[in-house]
Number of protein chains: 2
Amino acid sequence: MKGTVLYGPGDIRFEDRETPKIIEPTDAVLRLAATCVCGSDLWPYRGLQPIDGPTPMGHEYCGFVEEVGSAVKSVKPGQFVVGSFATSDNTCAHCRYGYQSSCIHREFMLRAQAPFLRVPLADGTLVPTPGGMPSDGLVPSLLTCSDVLGTGWFAADAANVKPGGTVVVVGDGAVGLLGVLSAKQMGAERIIAISRHEARQKLAREFGATDIVAERGDEAVARIKDMTKGIGADSVLECVGTQESMMQAVGATRPGGYVGYVGVPHGVELNGEQLFFTHDHLHGGPAPVRRYLPKLIDLVLNGVINPGKVFDLTLPLDQVAEGYRAMDERRAIKTLLRP
Amino acid sequence: MKGTVLYGPGDIRFEDRETPKIIEPTDAVLRLAATCVCGSDLWPYRGLQPIDGPTPMGHEYCGFVEEVGSAVKSVKPGQFVVGSFATSDNTCAHCRYGYQSSCIHREFMLRAQAPFLRVPLADGTLVPTPGGMPSDGLVPSLLTCSDVLGTGWFAADAANVKPGGTVVVVGDGAVGLLGVLSAKQMGAERIIAISRHEARQKLAREFGATDIVAERGDEAVARIKDMTKGIGADSVLECVGTQESMMQAVGATRPGGYVGYVGVPHGVELNGEQLFFTHDHLHGGPAPVRRYLPKLIDLVLNGVINPGKVFDLTLPLDQVAEGYRAMDERRAIKTLLRP
């Protein structure tokens, strides 16, 4: 088969790779129905995160179980499954506490931008869709459960979004947009999205944003304070991962309010004394997608949510390089790839 | 009257000051029954926090209402009251959200190491003891509600201490020791106190500690991991405020667990990426003592808790300089001062 490999900044190649096979008895091999490019793939693509030689890419996936190892019990060949970007045994103390993305056996997935994928710890990582094969139209939305929706959902959960609350979402990438959708599902009354891109503003409104703020940095914080009678937001979702976006999130939160941060921090330093006097709650990290998968799959299959709308570009998998370029140049919010 | 003034590192003077009087109609003037020296007073006393000229000291207090301004409604002369170290109107949005120590009218108290004290925003800051004058033996415990107990309680609350949980307390000062007491009250099953001082270990056990760890830094973290089957603690109370203590707290917490931090951070920097992968919840700040005062006063008056035991040195107020010295040299855990 062919698969996606990053050779250096801007250098994505779709090249011959070994077709994956079962290695451990707990593995499954999937034939993917769809995969995609993640905002976090852009950090190394842009040279902002070092890579250690040619690196196979991709960690969002859904598709058909092709083969399972001898120890796999909960999924079987032919089933349609969605899995987390982080593998988990789903039995250790961290998994049972709801933090499967800190599983003692966690591996971060790679190699998913390919037609076939080996998934370790299949029983604890994959969730089959109930009712058999979903319609092809639902595949993009099911794919989002694997990371981008699960991560937006965790941001809202970590930010303690409650019915009636006021929420700010920092970041208008796919995670931020699905953070808006998640906050809406959790009953937020007011959802303020920070964006200066028309197409993203439009999608944010479609997903439930009630207000758009086009300012950035301190000006955005001042604007949000104005909009909330000087109080600040109950919940702020940080979906970028830069120093500026984190400070914006902390600044927009009311004393005693909550920041949920899911943008992988790059160069972020928090001053302890400054944070202390904000009275903010802070929680985040790699989203425990496995915890949310059954619920999110259910919401998709029942047509309650349509998170697949974040894909505004669909390409055949062999055009993956163009998929990266379009996202890098912000021509696309998120690229879906079809093997 | 005479009052306490810090002139520079190690230079505490008890000298003539103007006797406080009502300035704003919302003020009260108290005749103090007791005051004390706070761990946070030691930062400027040790020259680790700059002062801007001679600085009147003291922010923990309880005593009798001597006089009230014309707008004061909820306290009256002759009542015995306890107040927070942070004033609050107790009506603004932040107060109603439970964060009175971020009140829009907040002032941090000063000048309480004196026989008389003016308290602004008396209605929102002071709580009278029900049932009139408490017995003199309860005064030390009532005094702790003003800050040190309220702060230990907030640390436990911010660290989400729950019945049956495993708790670590970093810091064996008076706040840490009362953090142990608070965690016990909240139903923690296991309370691990970090201390290498015999007297403090003993008091920690008396307050409810089930285990003592004498190691520090990374060794303490390794020891706690050992004691918790490699998992870490559900809740960690950070009651010091240094980089080392904060890293110890973060390191001892299980993924998805909670750090409550109340030691005023001095030079603490948190690396965003490192924090991200811990999955810790982080919450802290100046304790919203006013929120807890009615409950804490009730626990003291009913003899459920005896937090006054943290005072292992009692001096007449005019010997305040010795009170600072004894705490600085760790000869005393906490000094009670009687006017």
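Rules used throughout
Residues numbered from 1 in each chain as written. Chains lettered and ligands numbered in written order. Predicted model: local features only at pLDDT ≥ 70, side-chain atom pairs only at ≥ 80, totals over all residues. Helix = DSSP H or I, 4+ residues; strand = E, 2+ residues; numbered from the N terminus. Rg over C-alpha atoms; globule rule 2.2 N^0.38 Å. Buried ≥ 20, exposed ≤ 12 C-beta atoms within 10 Å, placed from the backbone. Contact = placed C-beta atoms within 7 Å. pLDDT = per-residue confidence, 0-100. Pairing = 2+ DSSP bridges. Axes fitted to C-alpha atoms, helices over the stretch in contact; angles between N-to-C directions. Least-squares fit on C-alpha atoms with pLDDT ≥ 70 in both. Nonpolar A, V, L, I, M, F, W, Y, C, P; charged D, E, K, R; others polar. Domains from an automatic or database assignment. Arc of directions from axis to C-beta. Parallel < 35°, antiparallel > 145°, perpendicular 65-115°, else oblique. Left-handed = near helix turned anticlockwise from the far one by under 90°.

## Let's talk about the overall build of chain A
Thinking step 1. A count of helices and strands for chain A gives 12 helices and 17 strands.
Thinking step 2. The C-alpha atoms of chain A give a radius of gyration of 19 Å, which matches the 20 Å a tight globule of 339 residues would have.
Thinking step 3. When the backbone C-alpha atoms are referred to their principal axes, chain A occupies close to 60 × 40 × 40 Å.
Thinking step 4. The buried share among the 339 residues of chain A stands at 56%.
Thinking step 5. Once local pairs closer than 6 in sequence are excluded, the contacts in chain A between residues at least 24 apart make up 69%.

## What to know about the environment of E215 of chain B
All names here are of chain B.
Thinking step 1. As for its position among the elements, E215 is in the loop between strand 11 (211–213) and helix 8 (217–227).
Thinking step 2. E215 sits in the partly exposed class, given 14 other C-beta atoms within 10 Å.
Thinking step 3. Between the C-alpha atoms of E215 and V65, which are 150 residues apart in sequence, the distance is 46 Å.
Thinking step 4. Dropping the residues within four chain positions of it, E215 is found in contact with A220 and R223.

## Observations concerning the confidence of the model for chain A
Thinking step 1. Looking at chain A as a whole, its pLDDT mean stands at 97, while 100% of the residues score no less than 70.
Thinking step 2. Interface confidence for the predicted complex, given as ipTM, is 0.96, next to a pTM of 0.97.

## Brief notes about the sheet that holds strand 11 of chain B
Thinking step 1. The sheet built from 12 strands is open, its strands ordered 11(A)-10(A)-9(A)-12(A)-13(A)-15(A)-15(B)-13(B)-12(B)-9(B)-10(B)-11(B) with mixed pairing. In this open sheet, the two edge strands, each paired with only one partner strand, are strand 11 (211–213) of chain A together with strand 11 of chain B. Mean inter-strand twist for the sheet, computed between neighbouring axes without regard to direction, equals 20 degrees.
Thinking step 2. Examined bridge by bridge, strand 15 (residues 281–284) of chain A and strand 15 (residues 281–284) of chain B share three bridges and lie antiparallel to one another.

## Some thoughts on the relation of the copies chain A and chain B
Thinking step 1. For these two chains of identical sequence, chain A goes onto chain B by a turn of 180 degrees and a shift of 0.0 Å along the axis, with RMSD 0.0 Å. Here the symmetry operator amounts to a two-fold rotation axis.
Thinking step 2. A share of 100% of interface residues in chain A that are also interface residues in chain B marks the association as one of identical surfaces.

## Observations concerning the interface of chain A and chain B
Thinking step 1. Facing 27 residues of chain A, the contacting portion of chain B comprises 27 residues.
Thinking step 2. Secondary-structure elements contributing two or more residues to the side of chain A that touches chain B are helix 2 (93–96), strand 13 (253–261), strand 14 (269–271), helix 10 (272–278) and strand 15 of chain A.
Thinking step 3. Residues belonging to the side of chain A that touches chain B are distributed by class as follows: 13 nonpolar, 11 polar and three charged.
Thinking step 4. For strand 14 of chain A and strand 14 (residues 269–271) of chain B, the ladder comprises three bridges, and the chain directions are antiparallel. Pairing of N271 of chain A across the sheet is with E269 of chain B, part of strand 14 of chain B.

## Considering unusual backbone geometry
Residues and elements named next belong to chain A.
Thinking step 1. Phi is positive for L121, close to 50 degrees, though the residue is something other than glycine.
Thinking step 2. Residue placement: L121 occurs in the loop between strand 7 (116–119) and helix 3 (122–125).
Thinking step 3. For N160, which is not glycine, the phi torsion reads 60 degrees and is therefore positive.
Thinking step 4. With respect to the helices and strands, the residue N160 is situated in the loop between helix 5 (148–158) and strand 9 (166–170).

## What to know about the sheet that holds strand 2 (residues 11–16) of chain A
Strands belonging to one sheet form pairs held by backbone hydrogen bonds; the direction of such a pair is parallel or antiparallel.
All names here are of chain A.
Thinking step 1. Taken together, the three strands give an open sheet; going across it, the order is 2-1-4, and neighbouring strands pair in antiparallel fashion. Both outer strands of the open sheet, strand 2 and strand 4 (55–56), are each paired with one neighbouring strand and no more.
Thinking step 2. Direction of pairing for strand 1 (residues 2–8) relative to strand 2: antiparallel, over a ladder of six bridges. Looking across to strand 2, one finds that L6 is bridged to I12.
Thinking step 3. Against the sheet, helix 12 (residues 320–328) touches strand 1 and strand 2, its axis set at about 160 degrees to strand 2.

## As for the domain arrangement of chain A
Residue and element names in this part refer to chain A.
Thinking step 1. Domain boundaries assigned for chain A yield domain 1 (2–147 + 288–338) and domain 2 (151–284).
Thinking step 2. In this structure, domain 1 and domain 2 have C-alpha centres spaced 26 Å apart.
Thinking step 3. At the interface, 15 residues of domain 1 touch 14 residues of domain 2.
Thinking step 4. For the side of domain 1 that touches domain 2, a count of residues per class yields nine nonpolar, three polar and three charged.

## Observations concerning the pairing of strand 1 of chain A
A regular strand places its side chains so that they alternate between the two faces of the sheet.
Residue and element names in this part refer to chain A.
Thinking step 1. Counting the residues that bridge the hairpin from strand 1 to strand 2 gives two residues, and of these G10 lies at a positive phi of roughly 75 degrees.
Thinking step 2. In terms of strand pairing, strand 1 meets strand 4 through two bridges, oriented antiparallel. Looking across to strand 4, one finds that V5 is bridged to P56.

## Topic: the pairing of strand 15 of chain A
Residues and elements named next belong to chain A.
Thinking step 1. What you see with strand 15 is no split at all: H281 and H283 on one side and L282 and G284 on the other are buried throughout.
Thinking step 2. Note: strand 13 against strand 15, four bridges, orientation parallel. Across the sheet, residue V259 finds its bridge partner in strand 15, namely L282.

## Some words on helix 7 (residues 198–207) of chain A
All names here are of chain A.
Thinking step 1. Residues of helix 7 that are buried include every one of R200, L203, A204 and F207, and no others. Viewed along the axis of helix 7, the buried residues span an arc of 105 degrees, placing them on a single side of the element.
Thinking step 2. In this structure, the buried residues of helix 7 make contact with helix 6 (174–185), strand 10 (190–194) and strand 11.
Thinking step 3. With its phi angle positive at about 130 degrees, G208 sits one or two positions after the end of helix 7.

## Topic: helix 12 of chain A
Residues and elements named next belong to chain A.
Thinking step 1. All of the buried residues in helix 12 are V320, G323, Y324 and M327. Projected onto a plane normal to the axis of helix 12, the buried residues spread over an arc of 95 degrees and lie on a single side.
Thinking step 2. Tucked inside the fold, the buried residues of helix 12 contact strand 1, strand 2, helix 1 (42–45), strand 16 (313–316) and strand 17 (335–338).
Thinking step 3. In the segment just after helix 12, R330 is the residue with positive phi, at about 55 degrees.

## Brief notes about the environment of E60 of chain B
All names here are of chain B.
Thinking step 1. Tracing the backbone through its elements, the reader meets E60 in the loop between strand 4 (55–56) and strand 5 (61–68).
Thinking step 2. Classification of E60 as buried rests on a count of 30 C-beta atoms within 10 Å.
Thinking step 3. Taking the C-alpha atoms as reference points, E60 and P163, 103 residues apart in sequence, are found 30 Å from one another.
Thinking step 4. Other than its neighbours up to four places away in sequence, E60 contacts T35, C36, C38, F85, A112, L143, S146, D147 and V148.

## Details of the packing of helix 8 of chain B against helix 9 (residues 243–252) of chain B
Residues and elements named next belong to chain B.
Thinking step 1. Relative orientation of the contacting elements helix 8 and helix 9 amounts to 20 degrees, with a least axis distance of 9 Å. One element, helix 8, and the other, helix 9, form an angle in the roughly parallel class. For the element pair helix 8 and helix 9, the recorded crossing hand is right-handed. On helix 9, the residues that touch G217, A220, V221 and I224 of helix 8 are E244, Q248, G251 and A252.

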